[in-house]
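Structure at a glance
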Amino acid sequence: TLFRSIGYTLYTHAFTRSYDVGMNNAEGVGHWGYFYHIINGHLPPGNEYQFYQPPLYYIVGAFFVKIMMLIKGTNEWGGLEYIPQIVSCVCSIIVMITTVKIMDRLNIKKAVQVIPIALLAFYPAQIFAAGRINNDSMVQMFIILSLYATLKWHQSQKMKDIIFIAFAIGLGMMTKINCAITA
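Quick notes on the rules
- Residues numbered from 1 in each chain as written.
- Predicted model: local features only at pLDDT ≥ 70, side-chain atom pairs only at ≥ 80, totals over all residues.
- Heavy atoms only, no water.
- Helix = DSSP H or I, 4+ residues; strand = E, 2+ residues; numbered from the N terminus.
- Contact = heavy atoms within 4.5 Å.
- Areas by Shrake-Rupley, 256 points an atom, 1.4 Å probe, with all protein chains shown as cover.
- Core = buried A, V, L, I, M, F, W, Y, C linked by side-chain atoms within 4.5 Å.
- Buried < 20%, exposed > 50% of the residue type's maximum accessible area, 1.4 Å probe, protein only.
- Phe/Tyr/Trp six-rings, centres within 6.5 Å; stacked < 30°, edge-to-face > 60°.
- Axes fitted to C-alpha atoms, helices over the stretch in contact; angles between N-to-C directions.
- Parallel < 35°, antiparallel > 145°, perpendicular 65-115°, else oblique.
- Left-handed = near helix turned anticlockwise from the far one by under 90°.
- Nonpolar A, V, L, I, M, F, W, Y, C, P; charged D, E, K, R; others polar.
- Salt bridge = Lys/Arg side-chain N within 4 Å of Asp/Glu carboxyl O.
- Expected span 1.5 Å × (residues − 1).

The number of helices and strands found in the protein is eight helices and zero strands. For the protein, the α and β elements follow one another from N to C terminus as α-α-α-α-α-α-α-α. Contacts in the protein between residues at least 24 apart in sequence constitute 60% of all its contacts with a sequence separation of at least 6. Split by element, the accessible area of the protein, about 9800 Å² in all, is 69% carbon and sulfur.

Now the structure itself:
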């Protein structure tokens, strides 16, 4: 199942089957335009189209784009569209691993776990999210992490688990506002 996310991300260009990515230029107001502003050191100037989104995903993606620019020794980032895709892919993989951990904590038999993991791994929206430049995969990761932390807290009653819940929901809301529903 991990190879599904990785494989799809590797063979799919950022602008293939994209969703709200917009134009690959400074005037774009989609997800790529958001990256353009963050990489250049500022938030988008307004709230049009995708600019209303909270900035965490874009900051993380831009951070890794900047690292790759240093590694490649270039000031151009136009050919690095795949870096934010890798962030989405890693988040998708964390969702699958955490889902298994949730089922383990619920004492669900491994033989039964195969069904929900297969559904999660091969659900088309999940596959697409793993290879797209947008914040959907990251917010899903924080939602699943907050559910896992809540289950862990319910079983342990430890303060560190409550703090983990707070961070997961808070970071999730800094990624996409709909994470608030988990609170």
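This part takes up the nonpolar core. Here is a general trend for soluble globular proteins: nonpolar side chains tend to be buried in one another's company. Ranked by internal contacts, the top residues of the largest apolar core, which has 31 residues, are Phe 35, Tyr 57, Val 65, Trp 77, Met 138 and Met 141. Every element with two or more residues in this core is listed here: helix 2 (31-39), helix 3 (56-72), helix 4 (82-105), helix 5 (110-122) and helix 7 (136-156). In this structure, Phe 35 is in contact with Tyr 57, Tyr 58, Gly 61, Ala 62, Trp 77, Pro 84 and Ile 133, ignoring residues within four places of it in sequence.

Right, let's talk about the packing of aromatic side chains for a bit. Counting across every chain of the model gives six aromatic pairs. A ring pair is formed by Tyr 57 and Tyr 58, whose centres lie 5.4 Å apart and whose planes are at 80°; its orientation type is edge-to-face. Consider the rings of Phe 63 and Phe 64, whose centres lie 5.3 Å apart with planes at 75°: the pair is edge-to-face. One aromatic cluster is present, built from ring pairs that chain together Tyr 34, Phe 35, Phe 51, Tyr 57 and Tyr 58.

For any two helices packed against each other, the geometry comes down to the angle between their axes and how far apart the axes lie. Remark: helix 7 packs on helix 8 (residues 159-173), axes separated minimally by 8 Å, with the N-to-C direction vectors making an angle of 165°. Overall, the two elements helix 7 and helix 8 adopt an arrangement that is roughly antiparallel. Considering the relative orientation of helix 7 and helix 8, their crossing is left-handed. Two secondary-structure elements touch here, helix 7 through Val 139, Phe 142, Leu 145, Ser 146, Ala 149, Thr 150, Lys 152, Trp 153 and Ser 156 and helix 8 through Asp 161, Ile 162, Phe 164, Ile 165, Ala 168, Ile 169, Leu 171 and Gly 172. Of the residues contributing to the contact of helix 7 with helix 8, the split by class is eleven nonpolar, four polar and two charged.

So, about the pattern of salt bridges. Summed over the entire model, instances satisfying the criterion amount to three salt bridges. Residue Asp 161 pairs with Lys 152 through a salt bridge whose shortest N-O separation is 3.9 Å.

Moving on, we come to helix 5. With 13 residues, helix 5 extends 18 Å between its outermost C-alpha atoms, agreeing within 8% with the 18 Å of an ideal straight helix rising 1.5 Å per residue. Among the residues of helix 5, those classed as buried are Gln 113, Ile 117, Leu 120 and Ala 121.

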